Amino acid sequence: MSDFYTYRNEVAGRKRKRKLMLILILVLAAACAGVGWFWMQHDAQPAAVTSAEPASAETSAAPTEEPPAETPAPAQPASTGEAPARIVQAVDTAVWDTSTAVEQTIDTEYLNTDHRMVAVPMLGTVAPSYFDTVTFAGDSIASGLGIYDTGYKNAHYATYVSAGVQTFVNNVSVKNAVTGATETPMETIAASQPDYLYILVGTNNLVVQGSEDSFIAYYERLIDMLREQLNPGVSIYIQSIPGVQEDVVQSKPGLDNTRIATANDLLANMALRKGCYFINVREALTNPADGSQYDDYATKDGVHFNAAGYHAWAEYLATHTVWNRRSQYLGQNPYYIYGA
């Protein structure tokens, strides 16, 4: 058995080992800190080291022989304290301190965007009172929203049979398909002074197989005219041209569903350029595969819609609006942020 002295010596030995280990750790930590400080100082002054070398080279004796002609010596930067030459030309910030017009450098033309990617997405369902300050403008296809009991009887309608976009731009006198009054479209729209204007026109333009460029040019002119006559805060919705039954193209070659899809691409791109919203009602009324009219919504002519079709149309409009804090929504509105 170990005596007291042996046990004390063992304890003292262990203490010495711990003390030596602690001293070793402290020495290593100090060494690491010193190395880190040295590198920090070295990296903080790279310019002074590099600039001293060419300076000393200039003060040294001139070389005794010229370098060969085929291997010219690289030019040495002058040690004058000037900034090195820029590889990229400096920007003159004074150019921006002006109110004069500058040349446009960003392409803002929208030509190839798919109309389905531009359309207003589904949001909360607005209350029927939302449509009390809506004006629907367009051809006889748009008239069904006012003729059938869609719940939007308080809305205003400037919709006309056989109307094309030129009907509105030229402001000819025509018969309102909903009210039966003979009127000029632009005066009717301006008199209503809507908060929201929904436009659907173009089917009759496609029937005559006119130029799509001419159609869009007239449409842009229509938007400009409306901006001049309506309140600045009015929201303009461009509705997509719906598809037709598959056999309609046989009697009306211009109403090919593929061509209608292309026309909607042009309308969506125009909406982007003109600051309007594009709403794709086509997805509620036609087959997604080929764009043809749903059989359940079709009428005999294959172009217009029945009551069920217009109810689906009205429901789609109520669920696809741009959010506005003034709008009233059915049920709890998850899109309203308190205090916003």
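Residues numbered from 1 in each chain as written. Predicted model: local features only at pLDDT ≥ 70, side-chain atom pairs only at ≥ 80, totals over all residues. Heavy atoms only, no water.

(A) How the structure looks around the overall build of the protein. Within the protein one finds twelve helices and seven strands. Residue burial in the protein is summarised as follows: out of 340 residues, 36% are buried. In the protein, of all internal contacts separated by at least 6 residues, the share reaching a separation of at least 24 is 68%. As displayed, the protein offers around 21500 Å² of accessible surface, 57% of which is attributable to carbon and sulfur atoms. (Helix = DSSP H or I, 4+ residues; strand = E, 2+ residues; numbered from the N terminus. Buried < 20%, exposed > 50% of the residue type's maximum accessible area, 1.4 Å probe, protein only. Contact = heavy atoms within 4.5 Å. Areas by Shrake-Rupley, 256 points an atom, 1.4 Å probe, with all protein chains shown as cover.)

(B) A look at a negative patch on the surface. Residues Glu-246, Asp-247, Asp-290, Asp-295 and Asp-296 make up a contiguous surface patch of negative charge. Of note, Asp-290 is situated in the loop between helix H11 (282-285) and helix H12 (307-319). Taking relative accessible area as the criterion, Asp-290 reaches 41% and is therefore assigned partly exposed. (Patch = residues over 30% accessible without salt bridge, like charges linked within 9 Å, V, L, I, M, F, W, Y side chains within 5 Å. Salt bridge = Lys/Arg side-chain N within 4 Å of Asp/Glu carboxyl O. Lys, Arg positive; Asp, Glu negative; His and termini not counted. Charge placed at Lys NZ, Arg CZ, Asp CG, Glu CD.)

(C) Examining the pattern of salt bridges more closely. Going through the model one piece at a time under the given rule, you end up with four salt bridges. A salt bridge links Arg-116 to Asp-114; its shortest N-O distance comes to 2.7 Å. Among the residues examined, Arg-116 registers a relative accessible area of 56% and is labelled exposed. For Arg-259, the salt bridge identified is with Glu-212, shortest N-O distance 2.7 Å. Of the two residues, Arg-259 sits in helix H10 (residues 257-274) while Glu-212 sits in helix H8 (residues 212-229), which places them 47 residues apart along the sequence. On the basis of relative accessible area, Glu-212 is assigned to the partly exposed category, the value being 24%.

(D) Region of interest: the pairing of strand S6 (residues 235-239). Most of S6 is tucked away: five of the five residues are buried. For strand S5 (residues 196-200) and S6, the ladder comprises four bridges, and the chain directions are parallel. Each residue of the ladder has a partner; that of Tyr-198, found in S6, is Tyr-237. (Pairing = 2+ DSSP bridges.)

(E) Quick look at the packing of H8 against H10. Two numbers describe how H8 lies on H10: the axes approach to 11 Å, and their chain directions differ by 35°. For the element pair H8 and H10, the recorded crossing hand is right-handed. The segment H8 lies against H10, with Glu-212, Phe-215, Ile-216, Tyr-219, Glu-220, Ile-223, Asp-224 and Arg-227 engaging Arg-259, Leu-266, Leu-267, Met-270, Arg-273 and Lys-274. Split by residue class, the contact of H8 with H10 holds seven nonpolar, no polar and seven charged. (Axes fitted to C-alpha atoms, helices over the stretch in contact; angles between N-to-C directions. Left-handed = near helix turned anticlockwise from the far one by under 90°. Nonpolar A, V, L, I, M, F, W, Y, C, P; charged D, E, K, R; others polar.)

(F) Geometry of the pairing of strand S1 (residues 134-138). Where burial is concerned, most of S1 is hidden: five out of the five residues are buried. Alternating positions in S1 separate into two faces, Val-134, Phe-136 and Gly-138 on one and Thr-135 and Ala-137 on the other, with burial throughout. Bridge count between S1 and S5: five bridges; the pairing is parallel. By the bridge assignment for S5, Thr-135 is matched with Leu-197. One ladder, built from four bridges, connects S1 with strand S2 (residues 156-159); its direction is parallel. Considered in S2, the bridge of Gly-138 is made with Thr-159.

(G) Structural view of the packing of helix H6 (residues 185-192) against H8. Their axes nearest at 10 Å, the elements H6 and H8 cross at an angle of 40°. By the criterion of interaxial angle, the relationship of H6 to H8 is oblique. Pair H6 / H8 crosses with right-handed handedness. Residues Met-186, Ile-189 and Ala-190 of H6 form the contact with H8, whose participating residues are Leu-222, Met-225, Leu-226 and Gln-229. Residue composition of the contact of H6 with H8, by class: six nonpolar, one polar and no charged. (Parallel < 35°, antiparallel > 145°, perpendicular 65-115°, else oblique.)

(H) Structural detail: the packing of aromatic side chains. Inspection of every chain in the model, using the stated rule, returns 17 aromatic pairs. Considering the side-chain rings of Phe-136 and Tyr-152, the 6.5 Å spacing of their centres and the 15° angle between planes classify their relative orientation as stacked. With Phe-136 in strand S1 and Tyr-152 in the loop between helix H4 (140-147) and S2, the pair connects residues that are 16 residues apart, well separated along the chain. On the basis of relative accessible area, Phe-136 is assigned to the buried category, the value being 1%. We classify Tyr-152 as buried; its relative accessible area is 7%. With centroids separated by 5.8 Å and ring planes inclined at 85°, the aromatic side chains of Tyr-294 and Tyr-297 adopt a geometry described as edge-to-face. (Phe/Tyr/Trp six-rings, centres within 6.5 Å; stacked < 30°, edge-to-face > 60°.)

(I) Highlighting the sheet that holds S6. A sheet is described by the order of its strands in space; here five strands give the open sequence S2-S1-S5-S6-S7, paired in parallel fashion. At either margin of the open sheet sits one strand with a lone partner, and together these are S2 and strand S7 (277-279). Here the strands of the sheet are splayed against their neighbours by 20° on average, with no regard to which way each runs. Here H4 sits on the sheet and contacts S1, S2 and S5; the angle it forms with S2, its principal contact strand, is near 155°. Sheet strands in contact with H10 are S6 and S7, and its direction is about 150° off that of S7.

(J) How the structure looks around the environment of Lys-300. Looking at where Lys-300 falls in the secondary structure, it is placed in the loop between H11 and H12. Put simply, Lys-300 and Gln-245 are 55 residues apart on the chain and 9.6 Å apart in space, counted from C-alpha to C-alpha.

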